[in-house]
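Given next are the chains, with one letter for each unit.
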Amino acid sequence: MTDLQRTPEALAQACADAMFTRDRATQALGIRLLEAGPGQARLSMPVRADMIQGHGTCHGGFLFALADSAFAFACNSHDKATVAQGCSIDYLAPALLDDVLYANAVELSRKGRTGVYDVRIENQRGELIALFRGKSYQVRGTVLAQETTDE
């Protein structure tokens, strides 16, 4: 099926599935792809013992990685190869051992080769843990074409 024959939702899911298959870093962190749609993605990650830092909470680098992965799936959902141009994160509350974190990424703007995306990280109780903003830049190629060249 060509991209022109797919609905935007089906295209976004195909892109997410292809990226997730190749994304060993995301998989190694125990991150799960829960939903993907045009300009959006929802991922989850359990907070494991090896993610806890010296203050007894989840290391911020793992929170950033979760948000960055959600951002990547959202900004690549249109089958245009896209990378991060810049990102920032605000840590609002601690994530604790055995929490399950949910990252919800949404596209705020996409024009030309750039886009802006927000990611909310919440725990299993719906408590806001962090806010992330990512700026994207479209490079050459497509997500799905890379899948066929990797095989």
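As the structure is a prediction and not an experimental result, all values here were calculated from the model.

Rules used throughout
Residues numbered from 1 in each chain as written. Predicted model: local features only at pLDDT ≥ 70, side-chain atom pairs only at ≥ 80, totals over all residues. Heavy atoms only, no water. Helix = DSSP H or I, 4+ residues; strand = E, 2+ residues; numbered from the N terminus. Buried < 20%, exposed > 50% of the residue type's maximum accessible area, 1.4 Å probe, protein only. Phe/Tyr/Trp six-rings, centres within 6.5 Å; stacked < 30°, edge-to-face > 60°. Pairing = 2+ DSSP bridges. Axes fitted to C-alpha atoms, helices over the stretch in contact; angles between N-to-C directions. Core = buried A, V, L, I, M, F, W, Y, C linked by side-chain atoms within 4.5 Å. Contact = heavy atoms within 4.5 Å.

What follows is about the environment of K135. Position of K135 among the secondary structure elements: in strand β6 (residues 128–138). Looking at K135, the relative accessible area reads 44%, which means it is partly exposed. In this structure the C-alpha to C-alpha distance between K135 and M19, which are 116 residues apart in sequence, comes to 19 Å.

Using the criterion set out here, one finds four aromatic pairs in the structure. Through successive ring pairs, a cluster of aromatic residues spans F64, F71, Y117 and F132.

Quick look at unusual backbone geometry now. Located in the positive-phi region is D79, a residue other than glycine, with phi close to 60°. With respect to the helices and strands, D79 occurs in the loop between α3 (60–75) and β3 (82–91). Exposure remark for D79: the relative accessible area of 3% places this residue in the buried category.

Attention now goes to the sheet that holds strand β4 (residues 100–111). Strand order in the open sheet formed by six strands is β1-β2-β4-β5-β6-β3, with antiparallel pairing between adjacent strands. Strand pairing shows two members of the sheet lacking a second neighbour, β1 (32–37) and β3, which therefore form its edges. Taking the axes of each pair of neighbouring strands and ignoring which way they run, one obtains an average angle of 20° across the sheet. With five bridges connecting them, β1 and strand β2 (residues 40–46) associate as antiparallel partners.

Before going further, it helps to examine the nonpolar core. Core analysis: the largest hydrophobic core is formed by 36 residues, its most contacted members being L66, L101, V119 and I121. Elements represented by at least two residues in this core include exactly α1 (8–22), β2, α3, β4, β5 (114–122), β6 and α4 (143–150). By residue number, the principal contributor to this core is α3, which donates eight residues. For L66, the residues in contact, after removing those within four places along its chain, are I31, L43, S44, M45, L101, A103 and I121.

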